[in-house]
Amino acid sequence: MPSPGTSSTPAPASSLQAAFDTATRAWEEGRCAEAVAGFDALATLPAARKGGLLRGAIAARRAQCLLRLDRADEAEPGLRAGADELARHPAPFTDEARDAYFALAKLEMRRFAY
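What counts and how
- Residues numbered from 1 in each chain as written.
- Predicted model: local features only at pLDDT ≥ 70, side-chain atom pairs only at ≥ 80, totals over all residues.
- Heavy atoms only, no water.
- Helix = DSSP H or I, 4+ residues; strand = E, 2+ residues; numbered from the N terminus.
- Buried < 20%, exposed > 50% of the residue type's maximum accessible area, 1.4 Å probe, protein only.
- Contact = heavy atoms within 4.5 Å.
- Expected span 1.5 Å × (residues − 1).
- Salt bridge = Lys/Arg side-chain N within 4 Å of Asp/Glu carboxyl O.

Q: Hey, could you run me through the overall build of the protein in this one?
A: Helix and strand counts for the protein come out as six helices and zero strands. Taken from N to C terminus, the helices and strands of the protein fall in the order α-α-α-α-α-α. Buried residues in the protein amount to 33% of all 114 residues. The contacts in the protein between residues at least 6 apart in sequence include a share of 50% that link residues at least 24 apart.

Now the structure itself:
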């Protein structure tokens, strides 16, 4: 039970972080349908719509899962937007940007018509 003067409802930032962590954990564990749903919900929040690192991480991670779900056409815009944003930030985000750029390259190679 909360002590007097405190709330049992977490602050919005805590809820945002918890939701991001849950979606990220699903992404890391390969539970892509769950991860995409979580990232979709996060993307509608004002903090994510502002842009920046949060929006980039959501876009790139969601897109990586879309690729795993064989939804490449939906993944491509997220890979581009996410990679470009993540590349502006220090490690470990540069690693994620690199992974997104490699995913884009693989996508383009699959589309190449011989």
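Q: Explain unusual backbone geometry to me, please; I cannot follow it from the model alone.
A: What is expected of a backbone is that most residues other than glycine have negative phi and most peptide bonds are trans. In this model, A91 is joined to P92 through a cis peptide bond whose omega is 10°. With phi around 60°, D70 is a residue other than glycine that occupies positive phi space. Structurally, D70 can be placed in the loop between α4 (52-68) and α5 (72-86). On the accessibility criterion, D70 (65% relative accessible area) is exposed.

Q: Sorry, what's going on with α4 here?
A: Side chains that are three or four residues apart share a direction in an α-helix, a result of its 3.6 residues per turn. For α4, built from 17 residues, the straight-helix expectation of 24 Å at 1.5 Å per residue is met to within 8% by its first-to-last C-alpha distance of 25 Å. Listing the buried residues of α4 in full gives G56, A57, I58, A59, A60, R61, A63, Q64, C65, L66 and L67. Just beyond α4, the residue with positive phi is D70, at close to 60°.

Q: I'm lost on the environment of D95 in this one. Help?
A: When you line up the elements, D95 lands in helix α6 (residues 93-111). On the basis of relative accessibility, which here comes to 37%, the residue D95 falls in the partly exposed class. Considered as a pair, D95 and A83 are 12 residues apart in the sequence and their alpha carbons are 9.6 Å apart.

Q: Quick question: what am I supposed to make of the pattern of salt bridges here?
A: Working definition: two side chains of opposite charge can pair if their charged atoms are close together. In this structure the tally under the stated criterion is 13 salt bridges. Between R61 and E96 there is a salt bridge, with its nearest N and O atoms 2.5 Å apart. Here the residue R61 occupies a position in helix α4, and E96 occupies one in helix α6, the gap between them amounting to 35 residues. With a relative accessible area of 8%, R61 lands in the buried category. Accessibility expressed as a relative area gives 13% for E96, which makes it buried. Residue R111 is joined to E76 by a salt bridge in which the shortest nitrogen-to-oxygen separation is 2.6 Å. Taken together, the residues R111 in helix α6 and E76 in helix α5 connect sequence positions 35 residues apart. Classification of E76 as buried rests on a relative accessible area of 15%.

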